[in-house]
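Residue-level structural notes
Here's the letter readout for the chains.
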Amino acid sequence: MTHSKNAPKEGTDHSTEGTDHPTSASRLDAWGAAIIEELARLRQGDAPTHGGRVLSYVYDHGSDSLDALAGRAMEMARPLNGLDPLTFTSIAAMERDLLRFAVQITGGTPKKVSGSIASGGTESCLLAVGTARDLWRAEHPNDERTPRLVTTSTVHAAFQKAARIYDMAWDPVPVRPDGSVDPQDIIVRLGDDVALVVMSSPAYPTGVIDPIEQIAHHTEKRGISLHVDACFGGLILPWWQGAPKWDFRVPGVTGLGADFHKYGYAPKGVSVLLHRGRKRHRRQFFATTSWPAYPVVDPTFLGSKSASPLAAAWAVTSYLGEEGYAEGATSCQRSVNALRQAVDSIEGLTVWGHPTGPALALIADTSVPSGRWVDPHRLADDVTKAGFQIQHQPGYVQADGTILPRSVHLTITPVTEKLVPELTAALISAAHNVQGKKPHQATALGRIAGWIWKNGNRPSPSTCRFLLKFAGSHERTPQKMAPLMAIIEALPAPVAEALVTEMLAMASEP
Ligand SMILES: *Cc1c(COP(=O)(O)O)cnc(C)c1O
């Protein structure tokens, strides 16, 4: 499709010129309509975003009016530039409301807790790390050591990215095979080169909440920053029965992040980062008056940015209120309980560890004879036959050599509840189909590749393409994920990382 016809067509309605609020799609001319048709065709190839059949990536509250509201709010905010809330004052007003809401549900008060709206979880994680590092540097002006970032090994990968960006040493503490960490293993690492400790609430791979209270006690005594990554759970745990304290109610928690685009049920592009104390929050800002144009003050990474996700999150939280969130959480909790019971009844399969909240991971139950095991990756591939997509997670060797098992991840949302009987039946039937089947192993070529690049060098893009093709993983379909995961498990990380890089780069290459 070419994009040459920019001139307005006959019949174009100019009646909204000079206003910021075009109100409907009816003003599309014929060329615009054709382009939208093409987009609709492309969208048909997408995994479904609604209905609960994809148990990761998407967080469906199950309400059409909520979707319509979010869409309308995004459209109204579309022309704004989020760069300057002083010029576009609706942005500041919506940010105030959203921050007040986030502070309130996480046990803070607006006097004691400040924060910013970020574009997503990764951005709030990165900013939390950067802020803590800058504070540490300010407090240790003559310390030449590389500041350390202590986390559990189940922490979100965004913190590895942060350590790389901010030139810190990532120090992942191995967890027990059930995904929990021995608090003592963290406490012994709290040297004065530690700029930040991160605890998850909960961790994405396992759904387990880290021992935040125990650790906070020690970090507070030593004056070390403690960030709680509640990107996943932050907007559902406040209403989850039986959840431990994980937020600003715990003294020693210096900040937390929570994603409105997950259990806030807002469209993608909005998260919140909160800090205990204005002083800490202001460290997060980049400001300069040293250039010959407008003073630049950026609390987050971007300069010019969309205000649409903010507007949608503002509208959605206003609509749902605490009550709507509580209802969603209660529904998720019912579904989680029902699914856990169902999994308990499947021989050879079990829930990984002791999750709290709406994430579950399933692993093979190795307490039964190996001929009865259900390989979770084969299970995930098989369950696609029933129209469900659950997410493969490869096995992982921790820094101390202990192995975390391969698993599948399920994100439970309010729409899951209607599907519980169907999902349960699908899991039982898939487990029956794959029980006792050997897990996929890396192909011989995968093994040879692992040996060739043992030294950590990266294979070239063309070599990666060859390897992917040979492994049958050059095109990614859910049914083919298990063999790819086996290759990832078998290869040294730098080689596996080069392969997945190539997969994604190929997907967007013109
Ligand atoms: C999703 C998630 C993140 C990262 O968030 P994005 O919005 O995907 O950038 C960080 N931590 C946890 C625990 C998450 O679940």
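Reading the values: rules and limits
- Each chain has its residues counted from 1, following the order in which its sequence is written.
- Thresholds applied to this predicted model are a pLDDT of at least 70 for local features of residues and 80 or more for the giving and counting of side-chain atom pairs; totals over whole chains, interfaces and linings are not thresholded and use all residues.
- Neither water nor hydrogens contribute to the side-chain values; these are computed over all heavy atoms in the structure.
- Domain segmentation is taken from an automatic or database assignment of domains.
- Exposure classes here rest on a 1.4 Å probe applied to the protein chains alone. A residue is buried below 20% of its type maximum, exposed above 50%, and partly exposed in between.
- Secondary structure elements follow DSSP: runs of H or I of four or more residues count as helices, runs of E of two or more count as strands, with numbering from the N terminus.
- Should DSSP find at least two bridges between two strands, the strands are regarded as paired.
- Between rings of Phe, Tyr and Trp, where Trp is taken as its six-membered ring, a pair exists when centres lie within 6.5 Å; planes separated by under 30 degrees are stacked, by over 60 edge-to-face, and by other angles tilted.
- Criterion for a charge above a ring: Lys NZ or Arg CZ within 6 Å of the ring centre, and within 35 degrees of the ring normal.
- Between N or O atoms, a polar contact is any pair within 3.5 Å; within protein, one atom must be a potential hydrogen donor and the other a potential acceptor, and residues adjacent in sequence are included only when both atoms are from side chains.
- Residues are labelled near a given molecule or strand when at least one of their non-hydrogen atoms is within 4 Å of it.
- Per-residue and other accessible areas were derived by the Shrake-Rupley procedure at a 1.4 Å probe size, with only the shown protein chains allowed to occlude residues.
- How sure the predictor is of each residue is captured by pLDDT, a score from 0 to 100.
- Throughout, a contact is declared for two residues whenever any of their heavy atoms are within 4.5 Å.
- For our purposes a nonpolar core is just a set of buried Ala, Val, Leu, Ile, Met, Phe, Trp, Tyr and Cys residues, chained together by side-chain atoms within 4.5 Å.
- Axis definition: a line fit to C-alpha positions, over the contact stretch in the case of helices; interaxial angles, taken between N-to-C directions, run 0 to 180 degrees.
- When a carboxyl oxygen of Asp or Glu lies within 4 Å of a side-chain nitrogen of Lys or Arg, that pair is called a salt bridge.

For the protein chain, the domain assignment lists domain 1 (77–316), domain 2 (321–434) and domain 3 (443–507). Averaged C-alpha coordinates put domain 1 and domain 3 at centres separated by 33 Å.

The subject of this paragraph is the pairing of strand S6 (residues 255–259). The buried fraction of S6 is high, at five of five residues. Judged by which residues are buried, S6 turns out to be covered on both faces: Gly255, Gly257 and Asp259 on one side and Leu256 and Ala258 on the other are all buried. Sheet analysis places strand S5 (residues 225–229) next to S6, joined by three bridges and oriented parallel. By the bridge assignment, Asp229 is partnered in S6 with Gly257.

The final tally for this structure, using the stated rule, is nine aromatic pairs. On the numbers, 5.9 Å between centres and 15° between planes, the contact of Tyr265 with Tyr325 is stacked. Of this pair, Tyr265 sits in the loop between S6 and strand S7 (271–276) while Tyr325 sits in helix H9 (residues 308–344), placing them 60 residues apart in sequence. Aromatic rings pair up to connect Tyr59, Phe101, Tyr204, Phe232, Trp239, Tyr263, Tyr265 and Tyr325 into one cluster. Over the ring of Phe388 we find Arg53; its NZ or CZ atom is 4.7 Å from the centre of that ring.

Another point: the side chain of Gln398. Tracing the chain through its elements places Gln398 in the loop between strand S13 (396–397) and strand S14 (403–404). At a separation of 2.7 Å, a polar atom in the side chain of Gln398 contacts the main-chain amide nitrogen of Val175.

The next thing to look at is the site of the ligand. Near the ligand you find 13 residues, and of these Gly121, Thr122, Asp229, His261 and Lys262 are the closest. Between Lys262 and the ligand, the recorded distance is 2.9 Å, taken from a side-chain N or O atom to an oxygen atom. Contact with the protein chains covers 85% of the free accessible surface of the ligand, which is 370 Å². The element best represented in the shell around the ligand is helix H4 (residues 121–139), accounting for three residues.

Looking at the protein chain as a whole, its pLDDT mean stands at 92, while 93% of the residues score no less than 70. Within the model, pLDDT remains below 50 along residues 1–18, and this stretch shows 13 contacts once partners closer than five positions in the same chain are excluded.

A word on the environment of His392. Turning to its location among the elements, His392 is positioned in strand S12 (residues 391–393). Between the alpha carbons of His392 and Pro376 there is a distance of 7.8 Å; along the sequence they are 16 residues apart. Looking at His392, its side chain comes within polar contact range of the side chain of Asp381, at 2.7 Å.

Generally speaking, nonpolar side chains in soluble globular proteins are found buried as a group. With 94 residues, the main nonpolar core has Val197, Phe260 and Leu379 as its most contacted residues. In terms of residues, this core owes the most to one element, H9, which gives 13 residues. When residues are assigned to domains, this core turns out to be shared by domain 1 (77–316) and domain 2 (321–434), each giving three or more. Contacts of Phe260, omitting those with residues within four sequence positions, involve Leu98, Phe101, Ala102, Leu235, Tyr265, Ala266, Val270, Ser271, Val272, Ala313 and Thr317. Grouped together as the second largest cluster of nonpolar side chains are 17 residues, Val129, Leu149, Tyr166 and Val198 included.

With that settled, consider the sheet that holds S12. The four strands are arranged S10-S11-S15-S12 in an open sheet whose pairing can be described as antiparallel. Of all strands in the sheet, those bounded by a partner on one side alone are strand S10 (349–351) and S12. The sheet shows a mean angle of 30° between the axes of neighbouring strands, direction not considered. Here S10 runs beside strand S11 (residues 359–364); their pairing, made up of three bridges, is antiparallel. Note on S11: the bridge partner recorded for Leu349 is Ala364.

The subject of this paragraph is the environment of His281. Relative to the assigned elements, His281 resides in helix H8 (residues 278–283). Sequence spacing of His281 and Pro183 is 98 residues, and the spatial spacing of their C-alpha atoms is 28 Å. In contact with His281, not counting residues within four places along its chain, are Ser114, Gly115, Ser116 and His275. Engagement of the side chain of His281 in a polar contact is seen with the side chain of Ser116, the distance being 2.8 Å.

So, about the pattern of salt bridges. Overall, the coordinates contain 20 salt bridges when judged by the stated rule. As a salt-bridge pair, Asp192 and Arg145 come within 2.9 Å of each other at their nearest N and O atoms. Of this pair, Asp192 sits in the loop between helix H6 (183–187) and strand S4 (194–200) while Arg145 sits in the loop between H4 and strand S2 (148–152); the two residues are 47 residues apart in sequence, bridging distant segments of the chain. Exposure remark for Asp192: the relative accessible area of 51% places this residue in the exposed category. We classify Arg145 as partly exposed; its relative accessible area is 37%. One salt bridge in this structure joins Arg465 and Glu509, with 2.8 Å as the shortest N-O distance. Highlighted residues: Arg465 in helix H13 (residues 461–470) and Glu509 in the segment after helix H15 (493–508), separated in sequence by 44 residues. Glu509 gets classed as partly exposed once you look at its relative accessible area, which sits at 47%. Put simply, Arg148, Asp171, Arg189 and Asp193 are held in one network by salt bridges that share partners.

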